[in-house]
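What follows is each chain in one-letter form.
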Amino acid sequence: MPVETSTVLLHILYLIAIVAEAMTAALAAGRRDMDWMGVCIIACVTALGGGSLRDVLLGHYPLTWVAHPEYLAMTAGAALVTAFIAPLMRRLRRLFLWLDAVGLVAFTVIGCQVAQQMEMSTSVVLISGMITGCAGGVLRDVLCNDVPLLFRKELYASVSIVTGALYLGLLKLDWGLSAAVPVALVAGLTFRLLALRFNWQMPRFVYRDDWH
Amino acid sequence: MPVETSTVLLHILYLIAIVAEAMTAALAAGRRDMDWMGVCIIACVTALGGGSLRDVLLGHYPLTWVAHPEYLAMTAGAALVTAFIAPLMRRLRRLFLWLDAVGLVAFTVIGCQVAQQMEMSTSVVLISGMITGCAGGVLRDVLCNDVPLLFRKELYASVSIVTGALYLGLLKLDWGLSAAVPVALVAGLTFRLLALRFNWQMPRFVYRDDWH
Amino acid sequence: MPVETSTVLLHILYLIAIVAEAMTAALAAGRRDMDWMGVCIIACVTALGGGSLRDVLLGHYPLTWVAHPEYLAMTAGAALVTAFIAPLMRRLRRLFLWLDAVGLVAFTVIGCQVAQQMEMSTSVVLISGMITGCAGGVLRDVLCNDVPLLFRKELYASVSIVTGALYLGLLKLDWGLSAAVPVALVAGLTFRLLALRFNWQMPRFVYRDDWH
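Residues numbered from 1 in each chain as written. Chains lettered and ligands numbered in written order. Predicted model: local features only at pLDDT ≥ 70, side-chain atom pairs only at ≥ 80, totals over all residues. Heavy atoms only, no water.

Moving on: unusual backbone geometry. Look at the link from tyrosine 61 of chain B to proline 62 of chain B: it is a cis peptide, with omega at -5°. You can see proline 62 of chain B is positioned in the loop between α2 (36-58) and α3 (64-67). One non-glycine residue, aspartate 33 of chain A, lies in the positive phi region at around 60°. With respect to the helices and strands, the residue aspartate 33 of chain A is situated in the loop between α1 (5-31) and α2 (36-58). A positive phi angle, close to 60°, is found at glutamate 119 of chain B, a residue other than glycine. Inspection of the secondary structure assignment puts glutamate 119 of chain B in the loop between α6 (93-117) and α7 (122-143). With relative accessibility at 71%, the residue glutamate 119 of chain B sits in the exposed group. (Helix = DSSP H or I, 4+ residues; strand = E, 2+ residues; numbered from the N terminus. Buried < 20%, exposed > 50% of the residue type's maximum accessible area, 1.4 Å probe, protein only.)

Two measures describe an aromatic ring pair: the distance that separates the ring centres and the angle between the ring planes. Within this structure, the stated rule accounts for 18 aromatic pairs over all chains. For the pair phenylalanine 198 of chain C and tryptophan 200 of chain C, a centre-to-centre distance of 6.3 Å together with 25° between the ring planes defines the contact as stacked. On the basis of relative accessibility, which here comes to 37%, the residue tryptophan 200 of chain C falls in the partly exposed class. Ring centres 5.9 Å apart and planes at 35° place the aromatic pair phenylalanine 205 of chain C and tyrosine 207 of chain C in the tilted group. Phenylalanine 205 of chain C sits in the buried class, given a relative accessible area of 4%. An aromatic cluster is defined as three or more aromatic residues linked by ring pairs; in this entry it consists of Tyr14, Tyr71 and Phe107 of chain A. Over the ring of phenylalanine 198 of chain B we find arginine 197 of chain B; its NZ or CZ atom is 5.2 Å from the centre of that ring. (Phe/Tyr/Trp six-rings, centres within 6.5 Å; stacked < 30°, edge-to-face > 60°. Lys NZ or Arg CZ within 6 Å of the ring centre and 35° of its normal.)

Each partner contributes residues to the interface: chain B has 37 residues there, and chain C has 37 residues. Across the chain B/chain C interface, buried area totals approximately 3300 Å², and carbon plus sulfur atoms make up 68% of it. The tally of links from chain B across to chain C stands at one salt bridge. The interface formed by chain B and chain C includes eight residue pairs in polar contact (both at pLDDT 80 or more). Elements with a contribution of two residues or more to the side of chain B that touches chain C: α2, α7 and α8 (156-172) of chain B. Ranked by residue count, the leading element in the side of chain B that touches chain C is α7 of chain B, at seven residues. Here the side of chain B that touches chain C is built from residues that sort into 23 nonpolar, six polar and eight charged. (Contact = heavy atoms within 4.5 Å. Buried area = accessible area lost by both parts, 1.4 Å probe. Salt bridge = Lys/Arg side-chain N within 4 Å of Asp/Glu carboxyl O. Polar contact = N/O pair within 3.5 Å; in protein donor to acceptor, adjacent residues only side chain to side chain. Nonpolar A, V, L, I, M, F, W, Y, C, P; charged D, E, K, R; others polar.)

Moving on, we come to the confidence of the model for chain A. Overall, the predicted model of chain A reaches an average pLDDT of 89, with 94% of residues at or above 70. Within chain A, no element has a lower average pLDDT than helix α5 (residues 86-91) of chain A, which sits at 81, and none a higher one than helix α3 (residues 64-67) of chain A, at 96. (pLDDT = per-residue confidence, 0-100.)

So this is what it looks like as structure tokens:
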């Protein structure tokens, strides 16, 4: 039996995404004047932290980078390259917003699949996808001492939920993996890029008081 | 055999507490202008994060919200409701301080019981209770980019330790669960409310130097 | 068979190191005006958090302080003592920089050994050493709401990597544990102290833009 095409597609997108996440994380580290080691660590945590948090919360061992330490080398290497070509990165901003969106949807579907293989309930599968897609950026922001961007801007987590729900819904409708995966990826990607293009935002909850 | 009354009591208090914690966490998110998705995530992390951290540290799988994903819906729903009734929340401040105290002691006893079932040593049982009772608030503060309140104000962690120690002590004296649980809960709650009422504080350690 | 001398050495250094880490962490907590309970918690997290994170990421249960809760008492006790003798600490600054360096290299080698016993690949062994040596300080900085020092100053993580690599390299050359451990410790310690003495720094990546 040939390897499922959708698995190959996801894997290729995964590799592209961890490199892209590492590169944008390196820029975040550069904004905080971190040294090269700090840049590498922030890059690894951002690119691989979402999947790691998912695995720890679900008890899914070994973690991805433990089973595939070459991913650590890829992300750390990409981060160092970024430190050298940073001026170029400015002009590639649009490309990296795209790649970041690719990462979000690819991570999400992979995270859903991990929870599915563990026979988790539907809502846990969706949360697993969301953690995989979004938590790396939250860890980056916590380590850089920012209020996580995820909670304040952009439809990041929402795109992840929608992508995961579409993926699961299509499977429930008996679409095979080879159809459900690319459709969910393309739909999620489109949603994300439209959100970026038209600056869609969720309503915010603004609250002011003297409560402790 | 009927279900142990203390178990039912704890479970009811647990459900009340996660909803209350979610609602106060939603206000904290509102103070940071988070969008609705951020509000829901902060609420889930605050209400369920203490138990999750405990389970991850003790290797106690599956986590509570993985086994009971309905708790995620409850906390996220409570957070969204809070965003709509926020003006009302101001007038309920005293009620929520009470409910927060209920959560602290109920989480603590539940956390102790989890470690007891894993046959952990006494000090680990106490720490398990404290993590369950307190860590959700710490995670909330870290994600909101505050110095955790736990470490600076109020007898929060101390109340948790005292509650857990009383609960364990009563069991050692051969009180049954149905007596030890409510007594520890009421004593811990009383301690917490007195601490709030009379603004009891622990001594602080204030240190200034040029050490990096 | 006598217990391997290097194991005894590492264990003694470990005990010294967790006490020293707890004491410097207590000062960090004092700089944030934390109360005594906060001081104890920060001390425990700093001294034992690196090993805990390693164990959680590798799925290595039970965690050190769960198996040896006396370490919690040691670190919390050392932290409280520090709050009383803080003025004295100022004059011991140099000693504690030394002890911190001892902790870094001892934690690193212990972390490498844990991953070796789990038959992890070489790069995961190195990362395990680095997490054990460095993550406690990162957790401390996150809880104190600082940008982690690790990412910005000093050759901290680099010393850990070099120590771990030397330790593994010597084992590959068929040096026994009783030679590889002390040589790696002394070399790492020397590297760290030279880095402090001559203020060696890694190049930094400084990046400024308007990218979100």
